[in-house]
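Listed below are the residues making up each chain.
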Amino acid sequence: MKLVRGAWKILVGIKDFLVLVFMLLFFTMLFAALSAKPNPGSIRDGALLVALDGALVEQPEEVDPFSRLGGGGAVKQQRLRDVVRALDAAKTDSHVKAVVLDLDRFTGGYPAAISEVAAAIGKVRAAGKPVLAYATAYADDSYALAANASEIWVNPLGGAMFAGPGGTRLYYKGLIDKLGVNAHIYRVGKFKSAVEPYMRSDMSPEAKEADLAMYQQILDQWRQEIAKARPKARIADYLAKPAETVTAAKGDIGKANLAMGIVDKLGDRLAFGKRVAEIAGAPSGKPAGNFNRIKLADFVAAHPLPTGGDAIGVITVAGEIVDGKAGPGKAAGDTVSAALLKGLAGKNLKALVVRVDSPGGSALASEQIRQAILQAKAQGLPVVVSMGSLAASGGYWVSTAGDTIFAEPNTITGSIGIFGVIPTFEKTLAKIGVGTDGVKTTPLSGQPDIYGGTNAETDALLQSAIEAGYARFVGLVAGARKLTPERVNEIAQGRVWIGGTAHQIGLVDRFGGIDDAIAEAARRAKLDPGKVHAVYLEKAPSGWARLIASFTDDKDEDGDWADQPAGADLFARAAIAQRALLAQALGDARRLATGGSVQARCLECGGFGPATGSLDDARLFDAIAARLGL
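Predicted model only: the values in this text are computed from it and were never measured.

The rules behind the values
- Residues numbered from 1 in each chain as written.
- Predicted model: local features only at pLDDT ≥ 70, side-chain atom pairs only at ≥ 80, totals over all residues.
- Heavy atoms only, no water.
- Helix = DSSP H or I, 4+ residues; strand = E, 2+ residues; numbered from the N terminus.
- Buried < 20%, exposed > 50% of the residue type's maximum accessible area, 1.4 Å probe, protein only.
- Contact = heavy atoms within 4.5 Å.
- Areas by Shrake-Rupley, 256 points an atom, 1.4 Å probe, with all protein chains shown as cover.
- Pairing = 2+ DSSP bridges.
- Axes fitted to C-alpha atoms, helices over the stretch in contact; angles between N-to-C directions.
- Phe/Tyr/Trp six-rings, centres within 6.5 Å; stacked < 30°, edge-to-face > 60°.
- Lys NZ or Arg CZ within 6 Å of the ring centre and 35° of its normal.
- Core = buried A, V, L, I, M, F, W, Y, C linked by side-chain atoms within 4.5 Å.
- Lys, Arg positive; Asp, Glu negative; His and termini not counted.
- Salt bridge = Lys/Arg side-chain N within 4 Å of Asp/Glu carboxyl O.
- Parallel < 35°, antiparallel > 145°, perpendicular 65-115°, else oblique.
- Left-handed = near helix turned anticlockwise from the far one by under 90°.

*Asks:* Explain the overall build of the chain here, please?
*Replies:* When its secondary structure is counted, the chain shows 24 helices and 23 strands. Taken over 630 residues, the chain has a buried fraction of 49%. Within the chain, residue pairs in contact and separated by at least 24 positions form 77% of the contacts whose partners lie at least 6 positions apart. A total accessible area of about 29,000 Å² is found for the chain, and carbon and sulfur atoms account for 59% of it.

*Asks:* Looking at this structure, how should I read the sheet that holds strand 10 (residues 293-295)?
*Replies:* Paired through backbone hydrogen bonds, the strands of a sheet run either parallel or antiparallel to each other. Strand order in the open sheet made by the six strands is 9-7-6-4-1-10, with parallel pairing throughout. Edge strands, defined here as strands with exactly one partner in the open sheet, are strand 9 (265-266) and strand 10. Lying over the sheet, helix 3 (residues 80-90) contacts strand 1 (46-51) and strand 4 (96-102), oriented at roughly 160 degrees with respect to strand 1. Taken strand by strand, helix 12 (residues 269-280) contacts strand 1, strand 4, strand 6 (131-138) and strand 7 (151-160), and its axis lies near 175 degrees from that of strand 6.

*Asks:* Explanation requested: the environment of Ala302 in the structure shown.
*Replies:* As for its placement among the helices and strands, Ala302 is situated in helix 13 (residues 296-302). A residue is classified by how much of its surface remains accessible, and Ala302, at 31% relative accessible area, is partly exposed. Measuring from C-alpha to C-alpha, the distance between Ala302 and Ser42 comes to 9.1 Å, with 260 residues separating the pair along the chain.

*Asks:* I tried to follow the packing of aromatic side chains on my own but got confused; where do I start?
*Replies:* Remark: the centre distance and the inter-plane angle together describe each pair of aromatic rings, the angle taken between the planes. Within this structure, the stated rule accounts for eight aromatic pairs. In this arrangement the basic side chain of Arg81 is found over the ring face of Tyr536, its NZ or CZ atom lying 3.7 Å from the centre. Taking NZ or CZ as reference, Arg293 lies 5.6 Å from the ring centre of Phe291, over its face.

*Asks:* It is not clear to me how the sheet that holds strand 3 (residues 77-79) should be interpreted in this structure. Could you clarify?
*Replies:* Ordered in space as 3-2-5, the three strands form an open sheet in which the pairing is parallel. Taken across any chain shown, the strands that pair with only one partner, and hence form the sheet edges, are strand 3 and strand 5 (106-108). Strand-to-strand twist in this sheet, taken as the mean axis angle between neighbours without regard to direction, amounts to 40 degrees. Pairing geometry for strand 2 (residues 54-57) and strand 5, over two bridges, is parallel. Across the sheet, residue Ala55 finds its bridge partner in strand 5, namely Gly108. Contacts from helix 3 reach strand 2 and strand 3 within the one sheet, and its direction differs from that of strand 3 by about 55 degrees.

*Asks:* So what exactly am I meant to see when it comes to unusual backbone geometry here?
*Replies:* Most peptide bonds take the trans configuration, and most residues that are not glycine carry a negative phi. Here the residue pair Gln447 and Pro448 is connected by a cis peptide bond, since its omega of -10 degrees sits within 30 degrees of zero. Position of Pro448 among the secondary structure elements: in the loop between helix 17 (426-431) and helix 18 (456-481). Residues other than glycine seldom take positive phi values, yet Lys250 does so here, at roughly 60 degrees. With respect to the helices and strands, the residue Lys250 is situated in the loop between helix 10 (242-248) and helix 11 (253-259).

*Asks:* Sorry if this is basic, but what is going on with the pairing of strand 1 here?
*Replies:* The side chains of a regular strand alternate between the sheet's two faces. Counting buried positions along strand 1 gives six out of six residues, so the element sits mostly inside the fold. Sheet topology places strand 1 next to strand 10; three bridges connect them, and they run parallel. Looking across to strand 10, one finds that Ala47 is bridged to Arg293.

*Asks:* What should I look at first to understand the nonpolar core in this one?
*Replies:* Soluble, globular proteins show a tendency: their nonpolar side chains are buried together. Core analysis: the largest hydrophobic core is formed by 53 residues, its most contacted members being Val99, Leu103, Tyr138 and Tyr143. Counting 51 residues, the second largest nonpolar core, distinct from the first, contains Ile373, Ala391, Val398 and Ile466.

*Asks:* How should the side chain of Glu196 be read in this particular structure?
*Replies:* You can see Glu196 is positioned in helix 7 (residues 196-199). Lacking a salt bridge, the buried Glu196 has Arg187 as its closest oppositely charged neighbour, with an N-O distance of 4.5 Å. Not counting chain neighbours up to four residues away, the residues in contact with Glu196 comprise Tyr171, Arg187, Asp202, Met203, Ser204 and Ala207.

*Asks:* Mind showing me how you'd approach the packing of helix 3 against helix 4 (residues 111-126) here?
*Replies:* Helix-helix packing: each pair is described by the crossing angle between the helix axes and the interaxial distance. Between helix 3 and helix 4, the shortest axis-to-axis distance is 9 Å and the interhelical angle comes to 10 degrees. The orientation of helix 3 relative to helix 4 falls into the category roughly parallel. Remark: the crossing between helix 3 and helix 4 carries left-handed chirality. Here helix 3 contributes Leu80, Val83, Val84, Leu87 and Asp88 to the contact with helix 4, which in turn contributes Ala113, Glu116, Val117, Ala120, Ile121 and Val124.

*Asks:* It is not clear to me how the environment of Gly438 should be interpreted in this structure. Could you clarify?
*Replies:* For Gly438, the location among the structural elements is in the loop between helix 17 and helix 18. Spatially, the C-alpha atoms of Gly438 and Gly452 are 9.6 Å apart, while their sequence positions differ by 14 residues.

*Asks:* What exactly am I supposed to notice about the pairing of strand 11 (residues 310-318) here?
*Replies:* Across the nine residues of strand 11, eight count as buried, placing the element largely inside the fold. Pairing analysis gives eight bridges linking strand 11 to strand 14 (residues 349-358), with the strands arranged parallel. Paired with Thr316 across the bridge in strand 14 is Arg355.

*Asks:* Would you mind going over the pattern of salt bridges with me for this structure?
*Replies:* It is possible for side chains of opposite charge to pair when their charged atoms get near one another. With the rule as written, the count across this model stands at 25 salt bridges. Here Asp102 ties to Arg105 by a salt bridge, and the two come within 3.0 Å at their closest N and O atoms. Through salt bridges with shared partners, a single ionic network connects Asp53, Asp102, Asp104, Arg105 and Arg269.

*Asks:* Quick question: what am I supposed to make of the environment of Gly506 here?
*Replies:* Inspection of the secondary structure puts Gly506 in the loop between helix 20 (499-504) and strand 21 (510-511). For the pair Gly506 and Val488, spaced 18 residues apart in the sequence, the C-alpha separation amounts to 9.4 Å.

The following block contains the structure:
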């Protein structure tokens, strides 16, 4: 009996200890979350710190909190509209003595997003406020932002190097043949190059023609924007002869940049911090190199979106369009349509703006979202489409529901075409001595057979279905854009267009951003654009995710400026790009193996985005690397 009582006391003690530990963890996490929560009341005079860690996106993905707790390195994302709103407010906020662009860990964004932020930075500078940019190394995207600053600093051991759009793409036909995989491809459109990696070992002449034309347009726009912001910088010379320029400076990239007017100052984080402190003041009791700072999150919270006047709904279609449900950063058919239908039922909306920033994906989900948008029209609401960085393939499918379409000159759009891929493994099985056989009662019995291969009847049926889907896509575009199907077919064929050209050929109506689209929606609803406010119909990140993220965040914005983690130099940035290429290869393999419904997707559009590539691909790479102990 004494033994039982003793064991019971031990169990009770263990229970009490575990309860105490969990309570301590809970209150520690709660304190961390409350400490990290944006505090608009904390705004004091200083420099607004815009630390663009990670990629610039329309809608950040929700990071898995358990991966953060497990020590996983989450790729960060910055919400485009928050950054732009903060910069717009900084122009007139008396607390902001300067704006600091910390681009040390910036991985880039799509051209339209970069241009929008660059323009907002330029407006701060034009308003007479100092804007100072710092990075260990600048690439195309980060320099496009920094060029609009009044002072550009670079680490003496770093420098700026510009690659321009373009490069290599991965092709898997040789690997697929070696593995014995038979990729059955059904597509329409001679420019629909999204499936070429599975059917060719190189780029088709048509894909090269289309990509080269668009890459050149993007490069020309980049050069024009840099020249406008920084006319004395000898960008053309540096682009034409980078090796000769650096060699003339005895391999010192920073000095070469300085001599060509590409940067203004060479200095590390300590020297840069001292310079900012001269303008914004230095906090007492802090080491040299610190300056009075205003956190971006606090500043955004202090300048919320307006709430007065009539409501204009904004539904965001951002990221890959997928079937079913998904969190922020993916445009899931069920999730987006449910959010829109709920907003139409529960909000007193006067008009709807559809913000599209997607390379497309599932044709089924694209149509589901389009049908939900049509419900707004059925209620008599004007519908205006605002294309962000991307509105291609399924993203354009969704856009056909709008009364008018706004885009940026460097928006990536078009890619009007669909495809489907079914891998079969009969040759793979034959390599290891496995055969397949059976009886069939109809031509489609057991089809499509991933183990025995597809037959001619199945191939003909599926290709016919794809052609019918393409005809439907063309019909939607023709009806929406008031063009003949023949004309749409000429400009479709899966070809990707830049916004400027898309405007010329009738795929978009006007140039402008989200604010222009909201103003147009108000006018179409016979409202004063100055007396409306946007209501974003999207699900906010869960409280649990925010709690874990705030507790595990690896960047201390209150810490010493000079002690923040150093950014990647030019060599490290090259390694990051190679890592992204390997991650893409793994992602492509997964897409081939798990591709489900008919796809209206622009896979080639990924080449214009952040250096880190797709977050899904990065996570897959990390998981495999961890399993291999790399």
